[in-house]
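Descriptive analysis of the structure
Here is what each chain is made of, one letter per residue.
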Amino acid sequence: MKYVIVGSGVAGIAAIEAIRSVDDSGEVILVGDDPHGYYSRPGLAYYLTGELHDKALFPRTGDDYRSMNFRYAKQNVTRLDREKQVLEINGQSVISYDRLLLAVGAQAVTLKAPGAELEGVLKLDHMEDAKTILKFARRRKTAVVVGGGITALELVEGLVSRGVRVHYLLRGDRYWSNVLDEQESKIVEHRLQDEGVKIHYHAEILEVNGKNNRVQSVLLKDGTSLKCDLVAYAIGIRPRIELAKQAGLEIDRGVLVNEYMQTNDPHVYAAGDVAQVYDPSTGKAVLDSLWGPARQQGFSAGLNMAGRQTAYKKSAPFNVTRLAGLTTTIIGMVGKGRDQDMVGIARGDSETWRHLPEAIVAQTGFEVNRLRVLVGERTLLGAIVMGDQKLSFPLEKIISENVDISPIRERLLAPNARIADVIAEFWTNKNSVQV
Ligand SMILES: Cc1cc2nc3c(=O)[nH]c(=O)nc-3n(C[C@H](O)[C@H](O)[C@H](O)COP(=O)(O)OP(=O)(O)OC[C@H]3O[C@@H](n4cnc5c(N)ncnc54)[C@H](O)[C@@H]3O)c2cc1C
């Protein structure tokens, strides 16, 4: 059996681990075009702030790779011929396969404005982008950051920590309006302002102006001109569906797969950011851009490619992240609608988060330690935990395992309920009963 994996991200590496766990004789080839290979992409945020050295972002050693026993081709796959079961690189049919995995990830949506091609207009997709941002941050004084979600804040935080003055532009009147509630947005915005970030509401770039390929200012749609020498943006990502599209595979926003991570061609699988996966909680096929699900999907795809039928069951999407320095956990369904600052989803994001059906909100805390839970008929549908993280693990379990919360539902919804105490007590009792 000859297995070929395109993409050296977490989904691709997990697939190789899975294949090798059940087949130590088949040939495995990994084709990837990132010059840095496999590294922690969420870790890039900490590399930007200087909290992590780039060397700390590589989770595997040369010995690890040798023991996985695969061949690595540092190449960009340009075409997939499904009839011949061959991958092309620059017009040459070079790699044949019996089973193929597309684990090609997603890429940043590019900023469309006159001047966006100037040298100092930057995005954060991969390691090379992070290095470019750091190179520019060393020589530039003022930045304009555009976009929403987690990555835009990572750009703001990274630049601030490097001593760059930041103007942060929001199209609407608050940050990440389709995931956070008003109070949560305000908490994040106040923290940014305390760090010296100037937030501009209802602000949109009309054009980026520069001279000799260098950014000098941005002109906003309301006529305001902001002097700056760098523009960084994170307005959303798009799954890299080009190969699948060219090969005639079924696609929607991502590559559509069944529960075995198989596309409509039984020899071709897809996993990670590029895959659009059935979500039992919403009844829809959705996109995630989350490290954990990409790893699980890659592993499941690998097992299935090697003939071990193993269904991937999507659980409540979960991310522990930092928003303006505040540890925040987002679980399950918490919001709705569109955020004007983003096209689709961002990095570290899930479409599921925005599919909230009828639910009643129970919340507590108005400053850093804030907890919001979305209470359904018999279960909790989602939660946001900001600051104190004691309850994030129990909440993740309660939500992903659809635990029946009927015994505490009324107490959660009572006026002035101490919801953190109610959930903590429920969790302790539940576990002591099980023991
Ligand atoms: C800045 C940043 C912050 C993030 N923050 C978080 C977070 O807080 N929490 C979280 O859970 N997730 C976060 N993520 C998202 C997480 O990293 C992704 O969900 C995960 O990396 C997806 O893995 P993947 O293997 O599907 O794709 P990727 O990691 O994107 O890997 C795909 C690989 O395929 C290669 N490739 C693409 N096309 C081709 C081709 N034609 N030929 C050869 N190679 C190709 C690419 O170069 C890439 O190396 C973040 C990502 C970034 C970039």
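Residues numbered from 1 in each chain as written. Predicted model: local features only at pLDDT ≥ 70, side-chain atom pairs only at ≥ 80, totals over all residues. Heavy atoms only, no water.

1. Some remarks on the site of the ligand
Inspection of the region around the ligand gives 32 residues, with Asp33, Arg41, Val77, Asp273 and Trp291 positioned closest. Between the ligand and the protein, one listed contact pairs a nitrogen atom with a backbone N or O atom of Val77 at 2.9 Å. When the ligand is considered free in solution it has 1,000 Å² of accessible area, and contact with the protein chains removes 95% of it. Broken down by secondary-structure element, the contributors of at least two residues to the shell around the ligand are helix 1 (10–22), strand 2 (27–32) and helix 8 (291–305). Classifying every residue of the shell around the ligand gives 13 nonpolar, 11 polar and 8 charged. (Near = heavy atom within 4 Å. Polar contact = N/O pair within 3.5 Å; in protein donor to acceptor, adjacent residues only side chain to side chain. Areas by Shrake-Rupley, 256 points an atom, 1.4 Å probe, with all protein chains shown as cover. Helix = DSSP H or I, 4+ residues; strand = E, 2+ residues; numbered from the N terminus. Nonpolar A, V, L, I, M, F, W, Y, C, P; charged D, E, K, R; others polar.)

2. Some words on the nonpolar core
Ranked by size, the top nonpolar core spans 52 residues in total, and within it Leu159, Tyr168, Tyr175, Trp176, Val188, Leu192 and Leu323 carry the most contacts. The contact partners of Leu192, leaving out residues within four places of it in the chain, are Leu153, Val156, Glu157, Tyr168, Val197, Ile199 and Ala324. In this structure, Leu80, Leu87, Ala247 and Tyr312 belong to the second largest nonpolar core, which totals 47 residues. (Core = buried A, V, L, I, M, F, W, Y, C linked by side-chain atoms within 4.5 Å. Buried < 20%, exposed > 50% of the residue type's maximum accessible area, 1.4 Å probe, protein only. Contact = heavy atoms within 4.5 Å.)

3. A few points about the pattern of salt bridges
In the structure shown here, the tally under the stated rule is 30 salt bridges. Between Asp181 and Arg372 there is a salt bridge, with the nearest N and O atoms lying 3.5 Å from each other. Of this pair, Asp181 sits in the loop between strand 11 (165–169) and helix 6 (182–194) while Arg372 is found in strand 27 (residues 370–375), placing the two residues 191 residues apart along the sequence. Assigned by exposure class, Asp181 and Arg372 land together as buried. Residue Arg418 pairs with Asp421 through a salt bridge whose shortest N-O separation is 2.8 Å. (Salt bridge = Lys/Arg side-chain N within 4 Å of Asp/Glu carboxyl O.)

4. Digging into the environment of Glu351
By the secondary structure assignment, Glu351 is in the loop between strand 25 (349–350) and strand 26 (360–364). Expressed as a C-alpha distance, the spacing of Glu351 and Leu287, which sit 64 residues apart in the sequence, is 5.7 Å. If near-sequence neighbours (up to four positions away) are discounted, Glu351 is found in contact with Arg253, Ala285, Val286, Leu287, Asp288 and Ile345.

5. Focus: the sheet that holds strand 4 (residues 79–81)
Here we have 3 strands laid out as an open sheet, ordered 4-5-6, and antiparallel in their pairing. Two strands in the sheet have a free side with no partner beyond their single neighbour: strand 4 and strand 6 (92–96). Across the sheet, the axes of successive neighbouring strands diverge by a mean angle of 35°, strand direction being ignored. Alignment of strand 5 (residues 86–89) against strand 6, held across 4 bridges, turns out to be antiparallel. Note that in strand 6 the partner of Ile89 across the bridge is Gln92. (Pairing = 2+ DSSP bridges. Axes fitted to C-alpha atoms, helices over the stretch in contact; angles between N-to-C directions.)

6. Here's the deal with the packing of helix 1 against helix 8
Orientation of helix 1 relative to helix 8, taken along the N-to-C sense of each, is 35°, at an axis distance of 7 Å. Judged by the twist between their axes, the crossing of helix 1 over helix 8 is right-handed. Across from Val10, Ala11, Ala14, Ala15, Glu17, Ala18, Ile19, Ser21 and Val22 in helix 1, the residues of helix 8 making contact are Trp291, Ala294, Arg295, Gly298, Phe299, Gly302, Leu303 and Met305. (Left-handed = near helix turned anticlockwise from the far one by under 90°.)

7. Some words on the sheet that holds strand 12 (residues 198–200)
Pairing is parallel in the open sheet, where 5 strands are placed in the order 9-16-10-11-12. Only two strands of the sheet have a single neighbouring strand rather than two, namely strand 9 (121–122) and strand 12. Taken together, the 5 bridges between strand 10 (residues 142–147) and strand 11 define a ladder with parallel strand orientation. In the strand pairing of strand 11, Ala143 is matched with Val166.

8. What about the pairing of strand 20 (residues 275–279)?
Where burial is concerned, most of strand 20 is hidden: 4 out of the 5 residues are buried. Bridge analysis of strand 18 (residues 255–256) against strand 20 gives 2 bridges, and the strand direction is parallel. Bridging across to strand 20, Val255 finds its partner in Ala275. Pairing between strand 20 and strand 21 (residues 284–286): 3 bridges, direction antiparallel. From the neighbouring strand, Asp279 faces strand 21, where its bridge partner is Lys284.

9. Details of helix 1
Taking 1.5 Å of rise per residue, 13 residues should cover 18 Å, and helix 1 covers 19 Å from first to last C-alpha, within 8% of that figure. Across the 13 residues that make up helix 1, a large majority, 11, are buried. Packed against the buried residues of helix 1 are strand 1 (2–6), strand 2, helix 3 (62–68), strand 7 (99–102) and helix 8. (Expected span 1.5 Å × (residues − 1).)

10. Overview of the layout of surface pockets
When its volume is computed, the second largest pocket comes out at roughly 420 Å³. Every residue lining the second largest pocket is counted, 20 residues in all, and those nearest its centre are Arg253, Leu287, Gly344, Ile345 and Glu351. At the level of secondary structure, the elements contributing two or more residues to the lining of the second largest pocket comprise strand 17 (237–239) and strand 21. When grouped by side-chain class, the residues that make up the lining of the second largest pocket number 9 nonpolar, 4 polar and 7 charged. (1 Å grid on protein atoms, 1.4 Å probe; cavity = no way out; pocket = protein on both sides within 12 Å on 5 of 7 lines; lining within 4 Å. Points joined across faces, edges and corners; volume = space filled by probe spheres on them.)

11. Focus on a positive patch on the surface
Taken together, Lys135, Arg138, Arg139, Arg162 and Arg214 make up a surface patch of like positive charges. The element that contributes the greatest number of residues to the positive patch is helix 4 (residues 127–139), accounting for 3 residues. Inspection of the secondary structure puts Arg214 in strand 14 (residues 214–220). (Patch = residues over 30% accessible without salt bridge, like charges linked within 9 Å, V, L, I, M, F, W, Y side chains within 5 Å. Lys, Arg positive; Asp, Glu negative; His and termini not counted. Charge placed at Lys NZ, Arg CZ, Asp CG, Glu CD.)

12. Structural notes on the packing of aromatic side chains
Aromatic rings in a pair are described by how distant their centres are and how their planes are angled relative to each other. Tallied over the entire structure, the rule returns 6 aromatic pairs. Between Tyr38 and Trp291, the aromatic rings sit 6.1 Å apart at their centres with planes inclined by 10°, giving stacked as the arrangement. Placement of Tyr38 in the loop between strand 2 and helix 2 (44–49) and of Trp291 in helix 8 is noted, with a sequence separation of 253 residues between them. Overall, the relative accessible area of 7% leaves Tyr38 in the buried class. Relative to Trp176, the ring of Tyr175 lies with its centre 6.0 Å away and its plane at 55°, an arrangement referred to as tilted. (Phe/Tyr/Trp six-rings, centres within 6.5 Å; stacked < 30°, edge-to-face > 60°.)

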